[in-house]
Structures are given as C-alpha cells and as structure tokens.
Amino acid sequence: MHVGVLTGGGDCPGLNAVLRAVTLPLVTAGLRVSGVERGFAGLVEDRVRPLDARAVAGLLAVGGTILGTHNRADPFHWGDDGHDASARALDTLRRRGIDALVAIGGDGTMTIARRFEALGVPVLGVPKTIDNDIVGNDRSFGFDSAVAVVSDALDRLATTARSHGRVMIVETMGRDAGWIALEGGLAGGADVILLPEQPFDVDAVAAVCRARAADPGWTLVAVAEGAHPAGGPRVWQADGEGASTPGRLGGIGHWLQDALQPRLDAEVRVTLLGHLQRGGSPTAFDRVLSTRFGVEAALRVRAGRFGVMVALQGRDVVDVALADVAGRTRPVPAGHPLWEAARATGVAFG
Ligand code: F6P
C-alpha cells in the first residue's frame, strides 16, 4: 500500500512530529509513504516526495512542516476563477499509485478531505490547529504551544503593567473561537478576557480598569482576535465580512486601546502576538499528542479504517466521522469549566 500524507492550513507546532509518527510505523510495516507538498496544492500540481525513516529523523521538536502548507489551496475551488481542479488531484493520486491519504489540518482541511472521501478516496484526518476549534476533538496539537506563548507574554507584560501602572492589552489569535485567549489568559493571570463568544461592553471593561487603577494599580487584558463589542463589528486586517475570500482577523487590540484610552487616566498599551503563537518548537504536551495522533492514524491506515478523523476525547484517541467535522467549528461553550474557573477567580469578561 502507498500512503500519501499532507499538511494543510496554517502551520502549527507539532506538524512535523505527526509526520514522523505516521511515517515510522508505516514504513516499518513495509508500506510506502509519500509527502504531498504545500497541502492540497501539491495534489493539483503533482508535487510529491518520498518519506522514509531518514526523511523524518529528528523532527519531533521542529516547528512548522517540512512538506510546506497552504491555507487557501482548495482543489474544488482552484485558482482566481475558483474552478474545480479535483480531477487533476485524483489524476496525481492515480499516476503516483497513492492508495490512501492522511490529511493533517484544521476544519478547512477536513472539509476538503471529506469531499475527496465522497469521490472514493480513502482519507483519514488528523486534527491540527492552534485555535483548538475542531468539532469532536477536545484538544488539537499546537494549541498548548500557543497557550504557552500567550501565558509567557502576559507574565512579561505584567512587569511593565505593575511598574508603570498601565493597562496592558494582549491580542491573541483563534479566529472565531476564544480558546487561546481563555486558556492563555487564565494561565497568564489576565484580569479581563474578551472572547468572540461573548460580545463585550467597552464601558464595562473601562470600569474594571478604573477600579484596578485604584487597587492594585494595573490591568492585564487578553483579547481574542475575533472578539467584538456588543452590536459592533469584528476588526479585520484584510478582506473582511462579506468579502469573496476568507478575511484575516486582527486589530481588535488597537481598537480597544483607542476606545479605552479616553475613558482612563492610566496609559493603555497593546501587544499583538500574531504568528509568534504558531512558531517554534512544540511544547512537551504537543509533542506527545502529535505522536499519539500520528501513531493512531498509522494504525487506522493499516486496518483500512478511513473516512474518519482521529480525535482526543478525554484521555482517549477516538474516531470521529469526517462528515461530522466538515464545515463546522467549535466555539467555547457557555458554562465551560475554564470559563467558570476564570469567573470564580475574579476575571472579567466585559
Ligand atoms: O487558524 C490558525 C490561525 O493562526 C488563526 O488563529 C488566524 O486567524 C489565522 O490562522 C491566520 O492565518 P494567516 O497565517 O494566513 O494570517
């Protein structure tokens, strides 16, 4: 059997660790493994290279993906005119003799994987995203690494907040889900956490900052890039709501600074963490999770079990049907224990 592996969507700590963990058991069992370059683009453009034990050696702790990735390459909407190039992708699989595909990616990748499955390609999904927003999966690899960056940033910014009596805002990634801001904010001791799931009131945030200016004298705010004021718009760096291509969120931190500053005596400063959250080496947790996911994916390939995504539920790795994952995302649910823990320890949500 010849297995193709690809990494789709944004890069993320742990991708290389999954490539290693899928490849090693498969080649040990005598299967042939190939890497498809730059996500689904490599299938349309016929960019495929062999993967073996040597190719994946030493990858456990290396960030990014040796295969390259692409977060907009969709064979079903290809090029500027969005035509269907899936036949070219199928042709690549046929000519290369690839019998099955392991697609490592987020909701966009799983949605495309599901479409290939519907065309008869045996596909298996592995959930990746720092956003942690994949349906049916408690934790995607990459999320813990992003949370560690946010937590560390808040620790560092707290020293300036205290020394200068400032309001320090940290803007996190996460698209429409607040997982990174919530868990990173909780870990880094944020006083205010603003999530896409709960539109905020600037006056309420300002009131918290004013009260804290009196005692203890500073405020740390974690704001998710998808957060927005009640009744107000989300803030975009590029494209945006209603645009023909998916927009790029970003800028709510500066929006909040502009809105808060006239309401406060204290200085308000912003730090936008951006791609720092996706870069560098995976945490130990993500290395282990990536390895588990990769090994479980390899086991399913060998067993001929396709059409599913491996997923972490509780402590177990289980199967979730690709059909149940495609086209959906997972926001922080109201009443989630982390949300409640933050509230109980005095965190304000605006
Ligand atoms: O989905 C992961 C993610 O990092 C989001 O949190 C963010 O909105 C987006 O990707 C940024 O994508 P890009 O790297 O294309 O700007």
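Above this text is the structure in question.
Predicted model only: the values in this text are computed from it and were never measured. (Residues numbered from 1 in each chain as written. Predicted model: local features only at pLDDT ≥ 70, side-chain atom pairs only at ≥ 80, totals over all residues. Heavy atoms only, no water.)

Colleague: Please give an account of the packing of aromatic side chains that cites residues and values.
Modeller: Applying the stated criterion across every chain, the model contains 4 aromatic pairs. Taking 5.7 Å as the distance between ring centres and 15° as the angle between the ring planes, the aromatic pair formed by Phe40 and Phe116 counts as stacked. One end of the pair, Phe40, is in the loop between β2 (32–36) and α2 (41–44); the other, Phe116, is in helix α4 (residues 107–118), and 76 residues separate them in sequence. Both residues of the pair, Phe40 and Phe116, count as buried. Both rings, one in Phe76 and one in Phe116, keep their centres 4.9 Å apart while their planes meet at 55°; by these two values the pair is tilted. Of the two residues, Phe76 is situated in the loop between β3 (48–51) and α3 (86–96) and Phe116 in helix α4; the sequence distance between them amounts to 40 residues. Phe116 carries the same exposure label as Phe76, and that label is buried. An aromatic cluster is present here, built from Phe40, Phe76 and Phe116 joined pairwise through their rings. Cation over ring: Arg115 sits above Phe76, and NZ or CZ is 4.2 Å from the ring centre. For the cation-ring pair, Arg139 lies above Phe285, with the distance from its terminal atom to the ring centre recorded as 5.2 Å. (Phe/Tyr/Trp six-rings, centres within 6.5 Å; stacked < 30°, edge-to-face > 60°. Helix = DSSP H or I, 4+ residues; strand = E, 2+ residues; numbered from the N terminus. Buried < 20%, exposed > 50% of the residue type's maximum accessible area, 1.4 Å probe, protein only. Lys NZ or Arg CZ within 6 Å of the ring centre and 35° of its normal.)

Colleague: Which residues make up the sheet that holds β3, and what are the values?
Modeller: In spatial order, the strands read β3-β2-β1-β4-β5-β12-β13; together these 7 strands make up an open sheet with mixed pairing. Only two strands of the sheet have a single neighbouring strand rather than two, namely β3 and β13 (316–321). On average, adjacent strands in this sheet sit at an angle of 30° to one another, irrespective of strand direction. In terms of strand pairing, strand β5 (residues 123–127) meets strand β12 (residues 308–313) through 2 bridges, oriented parallel. Among the inter-strand pairings, Leu124 is bridged to a residue of β12, identified as Val308. (Pairing = 2+ DSSP bridges. Axes fitted to C-alpha atoms, helices over the stretch in contact; angles between N-to-C directions.)

Colleague: So, the site of the ligand: which residues are in play, and what are the values?
Modeller: Taken together, Asn71, Ile130, Asp131, Met173, Gly174, Arg175, Glu225, Arg248, His275 and Arg278 make up the full set of residues near the ligand. Between His275 and the ligand, the recorded distance is 2.8 Å, taken from a side-chain N or O atom to an oxygen atom. Protein burial of the ligand: of its 400 Å² of free accessible surface, 80% is covered by the chains. Here the residues of the shell around the ligand are counted per class, giving 2 nonpolar, 3 polar and 5 charged. (Near = heavy atom within 4 Å. Polar contact = N/O pair within 3.5 Å; in protein donor to acceptor, adjacent residues only side chain to side chain. Areas by Shrake-Rupley, 256 points an atom, 1.4 Å probe, with all protein chains shown as cover. Nonpolar A, V, L, I, M, F, W, Y, C, P; charged D, E, K, R; others polar.)

Colleague: Outline the side chain of Asp131, listing residues and values.
Modeller: Looking at the element boundaries, Asp131 is found in the loop between β5 and α5 (143–164). Those residues within four positions of Asp131 in sequence are excluded, and the remaining contacts are Gly174, Arg175, Ala177, Trp179 and Ile180. (Contact = heavy atoms within 4.5 Å.)

Colleague: Describe the sheet that holds strand β8 (residues 219–224), naming the residues involved and giving the relevant values.
Modeller: One open sheet holds the 4 strands; their spatial order is β7-β8-β6-β11, and the pairing between them is parallel. The sheet is open, and its two edges are formed by β7 (192–194) and β11 (268–272), each paired on a single side. Ignoring which end each strand starts from, the neighbouring axes of this sheet average 20° apart. Where β7 lies against β8, 3 bridges are found, and the strand directions are parallel. Residue pairing in the sheet places Ile193 in a bridge with Ala222 of β8. Sitting on the sheet, α5 touches β6 (167–172), β8 and β11, and the angle it makes with β6 is about 165°.

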